[in-house]
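So the chains spell out like this:
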Amino acid sequence: MPKDGGIGASSKRREDVRFLTGAGNYTDDINIRGQAYVHFLRSDIAHGTIKSIDTAAAAGMPGVVRIFTGSDFEGVGGMPCGWQVTDRHGQPMQEPAHPILAQGKVRHVGEPVAAVVADTAEQARDAAEAIVLDIDELPAVVDMKAALESGATKVHDDLNDNLCYDWGFVEENKDAVNKAFDDAAHVTSLELVNNRLVANPMEPRVAVGDYAKGTDDSTLYTTSQNPHVIRLLMGAFVLGIPEHKLRVVAPDVGGGFGTKIFHYQEEAFCTFAAKACNRPVKWTSSRSEAFISDAHGRDHVTKIELALDKDNNFTAIRTETHANMGAYLSTFAPSVPTWLHGTLMAGNYKTPLIYVNVKAVFTNTVPVDAYRGAGRPEATFQLERVVDKAARELGVDPIALRRQNFITEFPYATPVAVEYDTGDYHGTMDKLEEMGDFAGFAARRAESEKNGKLRGLGVNCYIEACGIAPSNLVGQLGARAGLYESATVRVNATGGLVVMTGSHSHGQGHETSFAQVVAEMIGIDESMVEIVHGDTANTPMGMGTYGSRSIAVGGSAMVRATEKIINKAKKIASHLLEASEADIELKDGAFSVAGTDKSVAWGDVTLAAYVPHNYPLEDIEPGLEETAFYDPANFTYPSGAYACEVEVDPDTGKVSIERFAAADDFGNIINPMIVTGQVHGGIAQGIGQALLENCAYDENGQLLSASYMDYAMPRADDLPMFAVDHSSQTPCTHNPLGVKGCGEAGAIGSPPAVVNAVVDALQSAGKDVTHIDMPLSPDRVWTAMNG
Amino acid sequence: MAQVSMTVNGKAASGEVEGRTLLSSFLRDQLMLTGTHVGCDTSQCGACVVHVDGQAVKSCTMLAVEAEGADVATIEGQANADGSLNVIQQAFQDHHGLQCGFCTPGMVMSAAALLKDNPKPTETEVREYLEGNICRCTGYHNIVKAIMAASGQDVSAIAAE
């Protein structure tokens, strides 16, 4: 029977009521009395030298308060990068300055050059059009490999070249890996592109800066996944505002998918300008602006090789990847192709030797950073594509080849520096085979062929590292931050609780699922627990939500704080019950003395904490409020197996998804309904990457796919219903809830399944097609079939 | 500037707008009905769908002055008279048809328009109708399921919780 509350129940989401009635409070819904509006004049060329910015005419236009250019920000810090990667020679990455408004040069289409603050948004936009911008155009650097050729135009004149870093992992294993390839019975190699994407949360970014002259306090309302991180980065590294004079609020946020992790120029600008103009300053991104100013995702070009022995055991993997950084380093960009990608190259397999080389490259394009999965989709895609290709070359069943090489004993230390705590890869594959009705595939293929269509089945596995991350470990790897999480649990006198968490919910339903955990621990109704997040003024220092970390890290902090509450409450109860603390049991919201019928209700204990008339004041303080910080001991390792069935129309090359099944192992589950929804959304984004979405730049650095007219977002009629299962559960061994995280799995696991299925379909028709780069548009598929 | 008057959620509303002011801006900025969202600038995403004289309209694609005298319905006016969720809203909650909530007002308004014209749509019909409403969170699975459930159809055979 499904539970009707607490851990494991599909509790309906409490946040839904406000979203369904138009009562949400998104950042663009915030208007402060007297606010002005900013419009950014952005570069429409990719690379050039700024000769002049003539603002005279614009300054005289109606409503204009002030116009800012790069010169207004001399002496103000640039945008900081939060992760320093060390290259394979032990040298730090090249790290260019990243100004709030362009200084001297523009380096990508969309880079803000000037900012007009005016009484209305329309006046700001009108005046921005009157600014005369004179830019000497320079050759644009767009292609990564061309960018690394000697004599290539440099994106940053003060750097040695366009190479951010050349990273080798594990560098000491390189010779052994090369020898394994020399000794291999079979080598499969594959060159592929992991296409550049735009995250496209439906809510565009918004920032509202506010300044209180009387107290010298600054407040920023922003569409962020991690308000404390923004407060720290912007306060300490950009504007020089101490954290106690700066409040960052991220209210209801309309989706993030990674792109709202980063600290952006517009946030710093609005905070700066609010003080400079002594008025609140608001910026609302248009979708067109979002395409050229939100950090993009993916954009890897990879060669992967897989070595096998004569018995088809994997003996080594060797990869070489070019990773696009764009024109500047976005907040966590350097970590994505390295520590979030190289460490996952073992996948689900016991390959003993792995070497990963990544060259990160500057180009005249929008900065690239984490997007749902961040590095792990790139690792999974190349690995699961090359394994599939190997199976086809060797004439063995792709599932059998995978099963033969599965890791089966845990904990398992990979050759790429991480240790998987738990997993059951045969278990999820067994479940997938059942869900996918593979036995019926031949009949379905025959039916498709009768209708003139080609049918293909693609299968793959994935592993990901979530619950980011142990602070001491990431510190050694170059992170300039800790990655703990925090929670304060405040119990009120009448027994209700407020949990103030450093995690942030922007679609994940924390207000519901976090409350389920605390309610279960105490044995009270979920409605007695309120979850507060998104405001640095009333939550403890937290690192926010990304990397499927909220329940694994934020949830663990909340559990620890609640345990402290329960321990103190037991002390109070033992006093009230005149019994030994060791004999006090908490069950169903009441404290009782073991083996007796004496008990005291939760509400009586909480009241005693705040009205301490009969209270052990000599031993414990009044009140019932506790804070915990939780720093994880390891990553968590969700895993799973995915299957996709496609039909390909041989006349047009159009691919349609006919069936999609996902068998995941997320460890323990708090709210199955929410988890299933997270997987649905991830799969849709993965299918979007595989079939539809692409950032197309021309040779001049113009983004050709910069609107919903050109960038193909998955629509309802592009997708099928999904079969999703998460009954395979190997709980995490190192966090208190045994949870692993589920937010990114769908986006990681689905692209290779789609491409494997299309290749299978084409090969079934005798086509010699071993790979097609994503997105598998009708044009690309038709060309592959007929080229 | 022009004076514009209309009925919004059953109440008279008026204001002074520029000729270029969009209906979405009038609703959000002057009437403070911020439930209507703007997610793009090319009339693609559908977060701004409202009803004008009973027809589903992308309010970012209509000038406020064009709605002179019209009967406009927004998400704020959809709940039952006692404040409880209406059948479509309740189905969205029951079937987890929303995550971040940003596209949701437009989805609910589009769903209402669909069910008015087609009270028992098939899955294919729902998906085709939603072509002009983009959701980035749900993969549409639970939105389609919610709309079919709201139409009184049995959705228990559709996968997932």
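> Sorry, what's going on with the overall build of chain B here?
Helix and strand counts for chain B stand at 5 helices and 5 strands. Across chain B, helices and strands are ordered from the amino to the carboxyl terminus as β-β-α-β-β-β-α-α-α-α. Over its C-alpha atoms chain B spans a radius of gyration of 16 Å, differing by no more than 12% from the 15 Å that the globule rule assigns to 161 residues. When each of the 161 residues of chain B is scored for burial, the buried share is 56%. Considering only residue pairs separated by 6 or more positions, chain B has 57% of its internal contacts joining residues 24 or more positions apart.

> Would you take a moment to explain the interface of chain A and chain B for this structure?
The extent of an interface is frequently quoted as the accessible surface area lost upon association of the parts. Chain A puts 48 residues into the contact, and the matching count from chain B is 47 residues. Looking at the side of chain A that touches chain B, the elements that each hand over two or more residues are helix 1 (16-20), helix 8 (287-293), helix 17 (672-692) and strand 30 (723-725) of chain A. Per element, the largest residue contribution to the side of chain A that touches chain B is 9 residues, and it comes from helix 17 of chain A.

> Looking at this model, I keep getting lost on the environment of A:Leu308. Mind explaining?
Residues and elements named next belong to chain A. Note that leucine 308 resides in strand 15 (residues 300-308). Judged by the 22 C-beta atoms lying within 10 Å of it, leucine 308 falls in the buried class. C-alpha separation for the pair leucine 308 and histidine 186, spaced 122 residues apart in sequence, amounts to 5.2 Å. Once you skip the residues sitting within four places of it in the chain, leucine 308 turns out to touch Ala184, Ala185, His186, Asn313, Phe314, Thr315 and Ala390.

> I keep staring at the pairing of strand 20 (residues 454-463) of chain A and nothing clicks. Help me out?
Residue and element names in this part refer to chain A. When you tally the buried positions in strand 20, you get 10 out of 10 residues, the bulk of the element. Going residue by residue along strand 20, you find Leu454, Gly456, Gly458, Asn460 and Tyr462 tucked away on one face and Arg455, Leu457, Val459, Cys461 and Ile463 tucked away on the opposite face as well. Sheet analysis places strand 20 next to strand 28 (residues 639-648), joined by 10 bridges and oriented antiparallel. Residue pairing in the sheet places arginine 455 in a bridge with glutamate 647 of strand 28.

> Which parts of the structure should I look at to understand the domain arrangement of chain A?
All names here are of chain A. For chain A, the assigned domains are domain 1 (16-22 + 484-630), domain 2 (31-138 + 202-255 + 260-293) and domain 3 (296-469 + 634-786). The C-alpha centroid of domain 3 is placed 39 Å from the C-alpha centroid of domain 1. Opposite the 16 residues of domain 1 that make contact, domain 3 presents 19 residues. Among the elements of the structure, helix 14 (510-522) and helix 15 (550-577) are those that each provide at least two residues to the side of domain 1 that touches domain 3. In terms of residue count, helix 15 provides more of the side of domain 1 that touches domain 3 than any other element does, 6 residues in total. A breakdown of the residues in the side of domain 1 that touches domain 3 according to their chemical character gives 6 nonpolar, 9 polar and 1 charged.

> Can you walk me through the sheet that holds strand 12 (residues 246-249) of chain A in this structure?
In a beta sheet, neighbouring strands are held together by backbone hydrogen bonds and run either parallel or antiparallel to one another. Residue and element names in this part refer to chain A. The strand order across the open sheet formed by 7 strands is 3-5-1-13-10-11-12, and the pairing between neighbours is mixed. Lying at the two open borders of the sheet, with one neighbouring strand each, are strand 3 (64-69) and strand 12. The mean inter-strand angle of the sheet, taken between neighbouring strand axes irrespective of direction, is 20°. Bridge count between strand 3 and strand 5 (residues 112-118): 5 bridges; the pairing is antiparallel. Within the sheet, the bridge partner assigned to phenylalanine 68 lies in strand 5 and is alanine 115. Helix-sheet contacts for helix 3 (residues 121-129) involve strand 1 (36-42), strand 3 and strand 5, and the interaxial angle to strand 1 is about 30°. Running at roughly 30° to strand 10 (residues 206-212), helix 7 (residues 265-277) makes contact with strand 1, strand 3, strand 5, strand 10, strand 11 (217-222) and strand 13 (281-284) of the sheet.

> Even after reading the chapter, I still don't get the domain arrangement of chain B, so can you show me in this structure?
Residues and elements named next belong to chain B. Per the domain assignment, the segments of chain B are domain 1 (2-76) and domain 2 (87-150). Measuring from the centre of the C-alpha atoms in domain 1 to the corresponding centre in domain 2 gives 21 Å. Facing 14 residues of domain 1, the contacting portion of domain 2 comprises 11 residues. No other element matches the 3 residues that strand 3 (residues 49-52) contributes to the side of domain 1 that touches domain 2. Tallied by class, the residues present in the side of domain 1 that touches domain 2 amount to 7 nonpolar, 7 polar and no charged.

> Would you mind showing me how to read the nonpolar core here?
Side chains that are nonpolar tend, in soluble globular proteins, to be buried together. Residue and element names in this part refer to chain A. In terms of nonpolar packing, the biggest core is built from 298 residues, with Val38, Val116, Val518 and Val758 touching the most fellow members. Counting residues per element, this core draws most heavily on helix 15, at 12 residues. Apart from residues lying up to four places away in sequence, valine 38 is in contact with Ala115, Val116, Val117, Ala124, Phe269, Cys270, Ala273, Val281 and Trp283.

Cut-offs used in this document
What you see as residue numbers is a count from 1 along each chain, following the sequence as written. Written order decides the labels, with chains lettered from A and ligands numbered from 1. Where totals are concerned, whole chains, interfaces and linings use all residues; where local detail is concerned, this predicted model gives features only for residues with pLDDT of at least 70, and gives and counts side-chain atom pairs only at 80 or more. Numbering of helices and strands runs from the N terminus; a helix is a DSSP stretch of H or I covering at least four residues, while a strand is a stretch of E covering at least two. Put simply, the radius of gyration uses C-alpha atoms, and a globule should come to 2.2 Å times the residue count raised to 0.38. With C-beta atoms placed from the backbone, a residue is buried if 20 or more other C-beta atoms are within 10 Å of its own, exposed if 12 or fewer are, and partly exposed between those counts. Residue pairs qualify as contacts under a 7 Å threshold applied to their C-beta atoms, which are placed from the backbone. At least two bridges found by DSSP between two strands are what make those strands a pair. What fixes the domain bounds is an automatic or database domain assignment. Here the nonpolar group is Ala, Val, Leu, Ile, Met, Phe, Trp, Tyr, Cys and Pro; Asp, Glu, Lys and Arg are the charged ones; every other residue, Gly included, is treated as polar. Under this scheme, a helix contributes an axis fitted over its contacting stretch, all axes are lines through C-alpha atoms, and angles between N-to-C directions fall in the 0 to 180 degree range. We call a set of buried Ala, Val, Leu, Ile, Met, Phe, Trp, Tyr and Cys residues a nonpolar core when their C-beta atoms link them within 7 Å.

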